[in-house]
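The chain contents come next:
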Amino acid sequence: MTRSPAPTELLRQWLDRQLPPPAAAWLREQSGKLAVDRSERTLQISLGMVVRKIGRDDLALTPADLEVAATARPDWDPSRWSVDVATRVLMLACSAEERDVFAERFTRLCRYADLGESIALYSGLPVYPHPEALVDQASEGIRTNMRAVFEAIAHRSPYPRDHFDVQRWNQMVLKALFIGSTLHPVVGLDARANPELARILSDYAHERWAAGRPVSPELWRCLGPFAQGGMLDDLERAAASHEATERMAAALALSASPDQRARRMLAGMPDMSDAIAGGRLNWDALADAMQAAHG
Amino acid sequence: MMFIDPHAHMISRTTDDYEAMAAAGVVAVIEPAFWVGQPRTHVGTYLDYLAAIIGFERFRAGQFGIRHYCTIGLNSKEANNEALAEGVMEILPQFALKEGVVAIGEIGYDEQTDLEDRYFRRQLDLAKELELPVMIHTPHRDKKRGTSRSMDVCEEHRVDPSRIVVDHNNEETVREVLDRGYWAAFSIYPSTKMGSARMVEILRQYGGERIIIDSACDWGISEPLAVAKTARLALDRGVPADAVRLATYRNALAAYGQSGQMNEADWLDPPPIDQRTVYEGNSILRGGRDPKVEDAKVRRTRDELIIE
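The structure presented is a predicted model; accordingly, all values stated were derived computationally and were not measured. (Residues numbered from 1 in each chain as written. Chains lettered and ligands numbered in written order. Predicted model: local features only at pLDDT ≥ 70, side-chain atom pairs only at ≥ 80, totals over all residues.)

### Thoughts on the overall build of chain A
Check the secondary structure of chain A and you find 17 helices and zero strands. Taken over the C-alpha atoms alone, chain A extends approximately 65 × 40 × 35 Å along its principal axes. Burial status across chain A gives 40% buried among its 295 residues. (Helix = DSSP H or I, 4+ residues; strand = E, 2+ residues; numbered from the N terminus. Buried ≥ 20, exposed ≤ 12 C-beta atoms within 10 Å, placed from the backbone.)

Now the structure itself:
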């Protein structure tokens with residue numbers, strides 16, 4: 001049985017394959033340097049030079065590449081990475097030091113990062129060593145109002161699912177809705193659903209409705225499994241919405257609820273119910289429909 | 001017409017300003033590191049400020065379709081706090097290499113003290129070492145002599161004038177700055193600095209070569225639309241369009257673009273990662289796409305009672 005390559009090996013392969021010779025040579029040279037000079041200063045300087053030497057093109061990954069990535073680190077999705085992100089993540093991931101040293105470095109780098117560095121540093125959370133030691137700084141990162149930085153942590157990464165406790169997880173989901181980000185790319189929404197989050201989101205929906213503001217259809221996903229009593233009233237309201245995407249989300253949420261009343265409500269939406277049973281309506285399909293509706 | 005405002009302290013300005021600037025055609029701003037109205041007393045505060053102008057402010061500008069760059073440095077006022085100054089000088093090299101940093105600045109003299117002189121010189125050497133252009137703040141008091149002296153020091157330290165923008169010029173300083181080969185920038189700032197009508201006359205007299213117009217807008221009463229307004233005034237009063245374009249766009253790009261950190265492609269053809277993350281492009285530049293910045297926002301009035 002072939003061992004699946006480590007994420008860092010994959011990053012190195014992809015970069016080597018894609019970068020023009022001068023950039024590839026620079027990366028090889030820097031990697032060699034970083035392997036022997038373990039100082040923070042040299043790491044900082046190397047990270048700082050990356051955009052100038054490597055550029056900002058999107059990382060060119062095939063579907064096969066993404067499959068291998070998912071084998072190397074389940075639920076890791078680097079499809080939206082650019083080459084500078086990949087390079088910085090690689091450098092940091094290979095600078096593995098003893099746990100506390102690594103965690104302190106990561107914190108310092110994040111504190112004085114420019115915008116591009118922030119995105120890169122947080123994007124690499126799925127692949128760094130000592131991930132559990134980075135939780136505090138990742139939590140700090142999630143507090144940002146810079147959507148791009150937030151999404152580097154929250155989207156397409158197993159890190160929050162695997163390392164955030166329930167409070168942090170709930171804050172992240174709520175914040176995503178609050179800053180106008182999306183939930184679909186968050187890994188582990190179903191696995192980490194919990195009653196407290198359902199309660200928070202129900203309250204948040206009430207707040208939005210009272211203000212005459214729309215509720216994102218995505219919100220209902222985290223409510224469904226725990227929907228009972230008042231929350232079912234919420235879903236009833238969403239199921240009667242003028243917006244098709246909201247009705248779809250309500251139906252999906254109802255289908256996840258164990259409650260009898262939810263079953264009855266879903267039976268009253270036969271087209272949606274059939275589509276769910278037939279595998280045509282699921283949260284992925286909803287995401288596509290929302291994308292089509294709002295661009 | 002597209003404009004660049006190469007001297008704007010956006011950290012002190014509101015989103016109304018960003019909206020107005022975007023609607024007026026400003027595609028890029030450069031935010032110099034300066035003081036924030038009252039002196040900082042801890043190195044950490046200064047570091048956090050530098051981090052803010054390379055991080056959050058860059059993001060904030062991008063949301064309005066404006067590309068944001070900055071200069072970093074120890075300004076002349078806070079150079080007079082030696083303990084602070086030493087601490088800042090130690091970390092400057094680290095910040096100077098950040099993305100979007102187009103120059104060391106704004107440095108120079110405020111009162112022309114010995115400490116100001118010391119840190120001015122050290123930063124000129126740093127700029128040379130890091131191969132970055134320099135933005136020079138000329139003093140507002142004793143300006144004529146201070147400007148000459150600033151250029152003397154640059155030459156003593158053998159920094160190439162073509163890599164130096166001397167800012168806050170006026171009728172008294174411009175001749176010498178241009179003659180000695182520097183870029184001459186003017187801040188169109190009410191009451192204390194340059195005026196737009198006076199600027200038009202300077203353009204008429206000297207042409208557009210190596211002249212740069214900025215707003216230097218900050219927490220005081222200042223005009224973030226100064227570059228756009230001065231451009232329009234100049235055209236209205238018969239200054240050739242070429243000269244206006246040089247002074248309000250091309251020269252700033254040429255001078256600060258020497259850093260390699262600022263390119264026209266950044267706003268005309270940004271990389272996909274930027275479009276996905278930090279830049280919401282100005283609709284003026286994207287033919288055929290739905291405008292993101294629609295009509296210029298209604299000017300804020302006391303009668304607009306609906307807030308939602």
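Here the narrative resumes.
### Some details on the overall build of chain B
Each helix and strand counted, chain B has 12 helices and eight strands in total. Over its C-alpha atoms chain B spans a radius of gyration of 19 Å, differing by no more than 12% from the 19 Å that the globule rule assigns to 308 residues. With the C-alpha coordinates of chain B rotated into their principal frame, the extents come out at 55 × 45 × 40 Å. Out of the 308 residues in chain B, the part that is buried amounts to 48%. Put simply, of all contacts in chain B between residues at least 6 apart along the chain, 73% involve residues at least 24 apart. (Rg over C-alpha atoms; globule rule 2.2 N^0.38 Å. Contact = placed C-beta atoms within 7 Å.)

### Here's the deal with the sheet that holds strand β2 (residues 26–32) of chain B
Residue and element names in this part refer to chain B. Judged by pairing direction, the sheet is parallel, and its eight strands sit side by side in the order β1-β2-β3-β4-β5-β6-β7-β8 without closing on themselves. The strands lining the two open edges of the sheet, one partner per strand, are β1 (3–5) and β8 (211–214). With direction set aside, neighbouring strand axes in the sheet form an average angle of 25°. Packed on one face of the sheet, helix α5 (residues 114–130) meets β4 (101–108) and β5 (134–137) and runs near 160° to β4. (Pairing = 2+ DSSP bridges. Axes fitted to C-alpha atoms, helices over the stretch in contact; angles between N-to-C directions.)

### Structural notes on the interface of chain A and chain B
Each side of the interface is counted separately: chain A has 19 residues, and chain B has 19 residues. At the level of elements, α3 (40–54) and α7 (115–123) of chain A are the ones that each hand at least two residues to the side of chain A that touches chain B.

### Some words on the environment of Ala234 of chain B
Residue and element names in this part refer to chain B. By secondary structure assignment, the location of Ala234 is in helix α9 (residues 226–236). Take Ala234: there are 26 C-beta atoms within 10 Å of it, and that puts it in the buried class. Those residues in contact with Ala234, other than ones at most four positions away along the chain, are Val200, Leu203, Val239 and Val244.

### Let's talk about the pairing of strand β6 (residues 164–167) of chain B
Within a regular beta strand, the side chains point alternately toward one face of the sheet and then the other, so they alternate between its two faces. Residue and element names in this part refer to chain B. Of the two faces of β6, the one holding Ile164 and Val166 and the one holding Val165 and Asp167 are both buried throughout. Note that the unit made of β5, helix α6 (residues 143–156) and β6 has a crossover that is right-handed. Strand direction decides the pairing type here: β6 and strand β7 (residues 183–187), joined by two bridges, are parallel. In the strand pairing of β7, Val165 is matched with Trp183. The parallel pair β6 and β7, bridged by helix α7 (residues 174–179), forms a crossover whose chirality is right-handed. (Right-handed = clockwise from strand over helix to strand, strands pointing away.)

### Regarding the confidence of the model for chain B
Put simply, chain B has an average pLDDT of 92, and 94% of its residues get 70 or more. Segment residues 286–296 of chain B is flagged for pLDDT under 50; beyond a separation of four residues in sequence, or across chains, it makes 11 contacts in the model. (pLDDT = per-residue confidence, 0-100.)

### Quick notes on helix α10 (residues 241–257) of chain B
Given 3.6 residues per helical turn, the α-helix brings residues three or four places apart onto the same face. Within α10 of chain B, the axis deviates most sharply at Ala247 of chain B, by approximately 50°. Taken as a whole, α10 of chain B has its buried residues at Val244, Leu246, Ala247, Thr248, Tyr249, Asn251, Ala252, Ala255 and Tyr256 of chain B. (Bend = angle between axes of the 7 residues up to and from the residue.)

### Here we look at the nonpolar core
Grouped together as the largest cluster of nonpolar side chains are 88 residues, with contacts concentrated most on Ala86, Leu223, Leu235, Ala250, Ala251, Leu252 and Ala253 of chain A. In this structure, this core is formed jointly by two domains, domain 1 (7–165) and domain 2 (195–294) of chain A, each of which donates at least three residues. Aside from chain neighbours lying at most four places away, what touches Ala253 of chain A is Trp220, Arg221, Leu223, Gly224, Ala227 and Leu235 of chain A. Met21, Ala85, Leu92 and Val165 of chain B belong to the second largest nonpolar core, which has 86 residues in total. (Core = buried A, V, L, I, M, F, W, Y, C linked by C-beta atoms within 7 Å. Domains from an automatic or database assignment.)

### Quick notes on the pairing of β7 of chain B
Residue and element names in this part refer to chain B. Here β7 lies mainly inside the structure; five of its five residues are buried. Residues Trp183, Ala185 and Ser187 point to one face of β7 and Ala184 and Phe186 to the other, with burial holding for every one of them. With four bridges joining them, β7 and β8 adopt parallel strand pairing. For Ala185, the partnering residue across the bridge sits in β8 and is Ile212. Each parallel crossover has a hand, and the one from β7 via helix α8 (residues 196–206) to β8 is right-handed.

### Considering the domain arrangement of chain A
Here chain A is partitioned into domain 1 (7–165) and domain 2 (195–294). Computed over C-alpha atoms, the centres of domain 1 of chain A and domain 2 of chain A are 36 Å apart.

### Regarding unusual backbone geometry
Residues and elements named next belong to chain B. In this structure, Glu106 follows Gly105 across a cis peptide bond, with omega equal to -10°. If you trace the backbone, Glu106 turns up in strand β4. Phi at Ser191 is positive, roughly 70°, even though this residue is not glycine. Relative to the helices and strands, Ser191 is located in the loop between β7 and α8. Classification of Ser191 as exposed rests on a count of 8 C-beta atoms within 10 Å.

### Some points on the packing of helix α1 (residues 7–18) of chain A against helix α4 (residues 63–72) of chain A
Two numbers describe a pair of packed helices, the interaxial angle and the distance between the axes. Residue and element names in this part refer to chain A. Packing of α1 against α4 brings their axes to within 9 Å, and their N-to-C directions diverge by 155°. As far as their axial angle goes, α4 and α1 are roughly antiparallel. Each of Pro7, Leu10 and Trp14 in α1 lies in contact with α4, whose residues at this interface are Asp65, Val68, Ala69 and Ala72. Broken down by class, the residue content of the contact of α1 with α4 amounts to six nonpolar, no polar and one charged. (Parallel < 35°, antiparallel > 145°, perpendicular 65-115°, else oblique. Nonpolar A, V, L, I, M, F, W, Y, C, P; charged D, E, K, R; others polar.)

### Thoughts on helix α2 (residues 43–54) of chain B
For α2 of chain B, with 12 residues, the first-to-last C-alpha span of 17 Å sits near the 16 Å given by 1.5 Å per residue. Taken together, the buried residues of α2 of chain B touch β2, α3 (56–62), β3 (67–72), α4 (82–96) and β4 of chain B. (Expected span 1.5 Å × (residues − 1).)

### Let's talk about the packing of α3 of chain A against helix α5 (residues 83–93) of chain A
Residues and elements named next belong to chain A. Where α3 contacts α5, the axes come no closer than 9 Å and their chain directions differ by 160°. As judged from the angle between their axes, α3 and α5 are roughly antiparallel. For the crossing formed where α3 meets α5, the hand is right-handed. In contact with Leu43, Ser46, Leu47, Val50, Val51 and Ile54 of α3, α5 contributes Val83, Asp84, Thr87, Arg88 and Met91. Tallied by class, the residues present in the contact of α3 with α5 amount to seven nonpolar, two polar and two charged. (Left-handed = near helix turned anticlockwise from the far one by under 90°.)

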